[in-house]
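Observations on chain architecture
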Amino acid sequence: MTSREKVNRALAHQAGPIPLDFGATAVTGMHVSIVAGLRDYYGLEPHPVKVSDPYQMLGVIEDDLAEVLGIDTIGVPTRMTMFGFPNEDWKEFTTPWGQRVLVAGRFEVKPATGGGLWMYPEGDTTVPPSGHMPAGGYFFDALIRQEGELDEEHLNPEDNCEEFGLLTEADCRYYEQAIAAASRSRRAVVATLGGLAFGDIAMVPAPGLKHPRGVRDVASWYMATAVSPDFIKAVFDYQLRIALRNLETFQRIAGDRIDVLFICGTDFGTQTSTFCSRETFAELYQPYYRAVNDWIHAHTGWKTFKHSCGAVAEFMPDFIESGFDIINPVQCSARGMDPVMLKERYGDRLTFWGAGVDTQKVLPFGTPEEVRRQTLERCEIFGRGGGFVFNTIHNVQAKTPIANLVAMFEAFREYHAGV
């Protein structure tokens, strides 16, 4: 059984070995320092790790490390990064924590007032910065650059649509080459196409735009969903029209060479509650996600991937009704996210992608034995009858002990040796 067959068997909710993902998406990766630490631990060739996502400072997991770890997936990310420049023309950069890495040619930073680094949209240092890595930090935060006072009585939806455009010739060439290369790997191909995530709060500040217009403050956006729903719907209507045209183009490029399409990183939960009611989700978000998922399922065999952190157990029926096949990261530490309950109620209709180890407490601060126990427990719960792809609960963060990660991978192999 190839890795691709293993993943597709799990996605079809058929019993078998649990597939392993790390690095296929921007929410299932590892900090660049962790990638380097694992390469060193396993004695792989030492060289600077590429930064795949400068926003979160995630590292590229190359084929040699993927083979050592037994990873069954390979990602095809978007051509453009969150900061509006392409991942190409690599150059060396030394991080504030002293690691030599490779970054895109238009990755440009300057020392920030009060410490840390400023990051610039499109690598243009003549405009205000759009990201900030605090002193002592390991990734960037988006900066709020909402210009002027908002006239809440006369919001213009066009101001929040600047970032949504049709795929360019450069985008199409990139996807053709990247998908062709990934499909030769015998691993399951997980692609990301921008513009499909309606209301993703990480995108609202538009860190890739030099002078973003419209509602760009996170708090203002959340208020607009409550007091100006027609404005939000107008933005989503425009976004959907572009998304469906891009899906047609992307389908012609990808065909059956990809297995999963990452749709959405929009979070609907906090640690203890949801961001909105189910009624608001049904009225404001579900029609757009349903339209995207319906198009994909009508024209392709791809499975669709939904990410949402937090306490979203009550949204699981709505995610299913919206047409999503996969839910990630399955934050079992959040209120109501009991793993046994989730598997029993929804495991025949949703594939749980994540859930393997808690990245807030157990993985970074627990002992290797605690990591081992949780890994085995989650494999036992979620692995029954398929419908599970193992990953940590969101990205592995900087300063996570390598010994704990090794314990996780060893426990994952131990589980399969015993079944």
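Look a little higher up for the structure.
I will try to describe carefully the structure that is included in this document. (Residues numbered from 1 in each chain as written. Predicted model: local features only at pLDDT ≥ 70, side-chain atom pairs only at ≥ 80, totals over all residues. Heavy atoms only, no water.)

**Concerning the packing of helix α2 (residues 32-41) against helix α12 (residues 402-417)**
Relative orientation and spacing of two packed helices are given, respectively, by the angle between their axes and the distance between those axes. Quick note on the threshold: A fitted line through C-alpha atoms serves as each axis, taken over the contacting stretch for helices, and the angle formed by two N-to-C directions is quoted from 0 to 180°. Segments assigned H or I by DSSP are reported as helices when at least four residues long, segments assigned E as strands when at least two residues long, and all are numbered from the N terminus. Angles below 35 degrees are treated as roughly parallel, those above 145 as roughly antiparallel, those between 65 and 115 as roughly perpendicular, and all remaining angles as oblique. Contacts are residue-level and defined by heavy atoms, with any inter-residue pair within 4.5 Å sufficient.
Contact geometry of α2 with α12 gives a least axis separation of 10 Å together with a crossing angle of 70 degrees. Considered as vectors, α2 and α12 are oriented roughly perpendicular to each other. Here α2 contributes Ile34, Gly37, Leu38 and Tyr41 to the contact with α12, which in turn contributes Ile402, Leu405, Val406 and Phe409.

**Looking at the pairing of strand β12 (residues 303-307)**
Selection criterion: To sort residues, take the accessible area from a 1.4 Å probe on protein chains only and compare it with the maximum for the residue type: under 20% means buried, over 50% means exposed, and anything in between is partly exposed. At least two DSSP bridges between two strands are required for those strands to pair. If you view a crossover with the strands going away from you and the path from the first strand over the helix to the second runs clockwise, you call it right-handed.
Counting buried residues in β12 gives four out of five residues, a clear majority hidden from the surface. With four bridges joining them, strand β11 (residues 260-264) and β12 adopt parallel strand pairing. By the bridge assignment for β12, valine 260 is matched with lysine 303. With respect to chirality, the unit in which β11 leads through helix α7 (residues 278-299) into the neighbouring parallel β12 is right-handed. Pairing of β12 with strand β13 (residues 326-328), which is carried by three bridges, proceeds in the parallel orientation. Across the sheet, the residue bridging to phenylalanine 305 is isoleucine 326, located in β13.

**Considering the sheet that holds strand β5 (residues 100-103)**
What the four strands build is an open sheet, ordered β2-β1-β5-β4; its pairing is mixed. The open sheet has two edge strands with one neighbour each: β2 (58-59) and β4 (91-94). Relative to β2, strand β1 (residues 49-53) runs antiparallel, the two sharing two bridges. By the bridge assignment, valine 51 is partnered in β2 with glycine 59. Against the sheet, α2 makes contact with β1, β2 and β5, and its axis sits at roughly 145 degrees relative to β1, the strand it touches most.

**Thoughts on the packing of aromatic side chains**
The test is simple: Pairing of aromatic rings covers Phe, Tyr and Trp, the last counted by its six-membered ring, and requires centre-to-centre distances within 6.5 Å; plane angles under 30 degrees mean stacked, over 60 mean edge-to-face, and any other angle means tilted. Working rule: Lys NZ or Arg CZ, within 6 Å of ring centre, within 35 degrees of ring normal, means a charge sits over the ring.
Inspection of the entire model under this criterion finds 32 aromatic pairs. Consider the rings of phenylalanine 22 and phenylalanine 409, whose centres lie 5.5 Å apart with planes at 65 degrees: the pair is edge-to-face. You can see phenylalanine 22 sitting in the loop between α1 (3-11) and α2 and its partner phenylalanine 409 sitting in helix α12, a full 387 residues away along the chain. Pair check on accessibility: phenylalanine 22 and phenylalanine 409 agree, each one buried. Here the aromatic rings of tyrosine 222 and phenylalanine 275 are separated by 5.2 Å at their centres, their planes lie at 25 degrees, and the arrangement is stacked. In this pair, tyrosine 222 is assigned in helix α5 (residues 218-227) and phenylalanine 275 in the loop between β11 and α7, connecting sequence segments 53 residues apart. Note on phenylalanine 275: relative accessible area 40%, which makes it partly exposed. Lysine 306 extends its terminal NZ or CZ atom over the ring of phenylalanine 319, reaching a point 5.4 Å from the ring centre.

**A look at the pattern of salt bridges**
Here is the rule we go by: Here, a salt bridge means any side-chain nitrogen of Lys or Arg that lies within 4 Å of a carboxyl oxygen of Asp or Glu.
Following the criterion strictly, the structure yields 22 salt bridges and no others. With a shortest N-O distance of 3.1 Å, arginine 372 and glutamate 369 are connected by a salt bridge. Placement of both arginine 372 and glutamate 369 in helix α11 (residues 368-382) is noted, with a separation of three residues, approximately one turn of the helix. With a relative accessible area of 28%, arginine 372 lands in the partly exposed category. Look at glutamate 369 and you get partly exposed, because its relative accessible area is 36%. Three or more residues joined by partner-sharing salt bridges are found here, namely Glu369, Arg372, Arg373 and Glu414.

**Here's the deal with the sheet that holds β11**
Spatial strand order, β3-β10-β11-β12-β13-β14-β15: seven strands in an open sheet with parallel pairing. For this open sheet the edge positions go to β3 (73-76) and β15 (388-391), each flanked by a neighbour on one side alone. Direction aside, neighbouring strands of the sheet carry axes that sit 25 degrees apart on average. Where β13 and strand β14 (residues 351-355) come together, two bridges link them in parallel fashion. The residue bridging isoleucine 326 from the neighbouring strand is threonine 351, located in β14. Contacting β14 and β15, α11 crosses the sheet at an angle of about 165 degrees to β15.

**A short note on α5**
This is how the line gets drawn: Taking the helix axis as origin, the arc is that swept by the directions to the C-beta atoms. Polar contacts here mean pairs of N or O atoms no more than 3.5 Å apart (in protein, one a potential hydrogen donor and the other a potential acceptor; neighbouring residues in sequence count only if both atoms are side-chain atoms).
Here α5 has its buried residues at Trp221, Ala224 and Thr225. Down the axis of α5, the buried side of the element spans an arc of 100 degrees, and every buried residue falls inside it. Pointing more than 90 degrees away from the buried face of α5 are the exposed residues Met223, Ala226 and Val227. Those residues of α5 that are buried lie in contact with α6 (229-254) and α7. The distance from a side-chain oxygen at the start of α5 to the backbone nitrogen of alanine 219 is 3.0 Å, and the residue carrying that oxygen is aspartate 217.

**Notes on α11**
This is how it is decided: To estimate how far a helix should extend, the number of its residues minus one is multiplied by 1.5 Å.
Given a rise of 1.5 Å per residue, 15 residues ought to cover 21 Å, and the 21 Å separating the end C-alpha atoms of α11 matches this to within 8%. All buried positions along α11 are accounted for by Val371, Gln374, Thr375, Leu376, Arg378, Cys379, Ile381 and Phe382. Taken together, the buried residues of α11 touch α9 (339-346), β14, α10 (362-365), β15 and α12.

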